[in-house]
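Letter by letter, the chains look like this.
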Amino acid sequence: MKIVFATNNRHKLSEVAAVLGDGFELVTLAEVGITEDIPETGATLEENASIKARYVYERTALDCFADDTGLEVEALDGAPGVHSARYATDGHDFAANNRKLLSELSGISNRKARFRTVISLIRGGVEQQVEGIVEGRIATCESGSEGFGYDPLFIPDGSDVTFAEMTAEAKNAISHRGRAVAALQEVLRG
Ligand code: ITT
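Basis of the calculations
- Residues numbered from 1 in each chain as written.
- Predicted model: local features only at pLDDT ≥ 70, side-chain atom pairs only at ≥ 80, totals over all residues.
- Heavy atoms only, no water.
- Helix = DSSP H or I, 4+ residues; strand = E, 2+ residues; numbered from the N terminus.
- Rg over C-alpha atoms; globule rule 2.2 N^0.38 Å.
- Buried < 20%, exposed > 50% of the residue type's maximum accessible area, 1.4 Å probe, protein only.
- Contact = heavy atoms within 4.5 Å.
- Areas by Shrake-Rupley, 256 points an atom, 1.4 Å probe, with all protein chains shown as cover.
- Lys, Arg positive; Asp, Glu negative; His and termini not counted.
- Charge placed at Lys NZ, Arg CZ, Asp CG, Glu CD.
- Axes fitted to C-alpha atoms, helices over the stretch in contact; angles between N-to-C directions.
- Parallel < 35°, antiparallel > 145°, perpendicular 65-115°, else oblique.
- Left-handed = near helix turned anticlockwise from the far one by under 90°.
- Nonpolar A, V, L, I, M, F, W, Y, C, P; charged D, E, K, R; others polar.

A short note on the overall build of the protein
Summing up its helical and strand segments, the protein has five helices and seven strands in all. Tracing the protein from N to C terminus, the helices and strands come up as β-α-β-α-β-β-α-β-β-β-α-α. The C-alpha radius of gyration computed for the protein amounts to 16 Å, which stays within 12% of the reference 16 Å derived for 190 residues, consistent with globular compactness. The dimensions of the protein, computed from C-alpha atoms along their principal axes, are 50 × 30 × 25 Å. Out of the 190 residues in the protein, the part that is buried amounts to 45%. For the protein, long-range pairs separated by at least 24 residues make up 55% of all intrachain contacts whose partners lie at least 6 apart in sequence. Carbon and sulfur atoms make up 47% of the accessible area of the protein, which amounts to about 9200 Å² in all. With 19 positive and 30 negative side-chain charges, the protein shows a spacing of 1 Å between the two charge centroids.

Right, dumping it as structure tokens:
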């Protein structure tokens, strides 16, 4: 099955491709001629996932999906949440975002956090959303070099190590995105 994945994030692309497996051919934005950044103007992950998927559908009329993900930290009232990509700066500066998160949590003992991924799928012009969540906590310093984004700071429940210390396979087995993509697969196969 051929489907467009509306992302410019190569890490997401490889994680999603690994979970979906060989039965699905993921088409990139560049392959359908969309090279500009899709504006993410929504106030929620749900809105942004929908905006990204609709942007692609309106221009290509192809089946497509988009993922919007946020890190929600309890002691920060859910921040950075929908602003996760641009927490510290205007760009996707992972190192600066991680430094800001550690500084905001400095001296705070409640480190509870979760990653939440919302995927918006448009198939045959009909839109559906699925979600994946992983609960965990924010470490006091960065560890590991795998993955991307906040992975060096996020320790999932049931683990002693961060996502950045896990193989891609181990992260995918329990992660927000792995779970959301498993739900997406059910919908696509159903
Ligand atoms: P696209 O919109 O092009 O898909 P993006 O990087 O802007 O890519 P999001 O808005 O969904 O994607 O993600 C917001 C940020 O959340 C992202 O830049 C990372 O910093 C972080 N993030 C997302 N998924 C993550 C993951 O699995 N592990 C660690 N950080 C993640």
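Quick notes on the environment of Ser84
Among the structural elements, Ser84 can be located in the loop between strand E4 (80-81) and helix H3 (94-104). You can call Ser84 buried: its relative accessible area is 7%. Here the alpha-carbon distance between Ser84 and Leu71, two residues 13 residues apart in the chain, equals 6.3 Å. When sequence neighbours within four positions are dropped, the list of residues in contact with Ser84 reads Thr69, Gly70, Leu71, Asn97 and Tyr150.

Considerations on the packing of helix H1 (residues 10-20) against helix H5 (residues 176-189)
Pairs of packed helices are described in terms of their axes, by the angle between the two and the distance that separates them. Two numbers describe how H1 lies on H5: the axes approach to 10 Å, and their chain directions differ by 50 degrees. Accordingly, the angle class assigned to the pair H1 and H5 is oblique. The two elements H1 and H5 meet at a crossing, and its hand is right-handed. Residues Lys12, Glu15, Val16, Val19 and Leu20 of H1 form the contact with H5, whose own contacting residues are Arg177, Gly178, Val181, Ala182 and Gln185. A per-class count over the contact of H1 with H5 returns five nonpolar, two polar and three charged.

What to know about unusual backbone geometry
A cis amide bond, omega -5 degrees, links Ala79 with the succeeding residue Pro80. Following the sequence through the fold, Pro80 ends up in strand E4. Even without being glycine, Ala61 reaches a positive phi, approximately 60 degrees. As for its placement among the helices and strands, Ala61 is situated in the loop between helix H2 (45-60) and strand E3 (64-73). At Asp77, a residue that is not glycine, the phi angle is positive and equals roughly 55 degrees. Secondary-structure assignment places Asp77 in the loop between E3 and E4.

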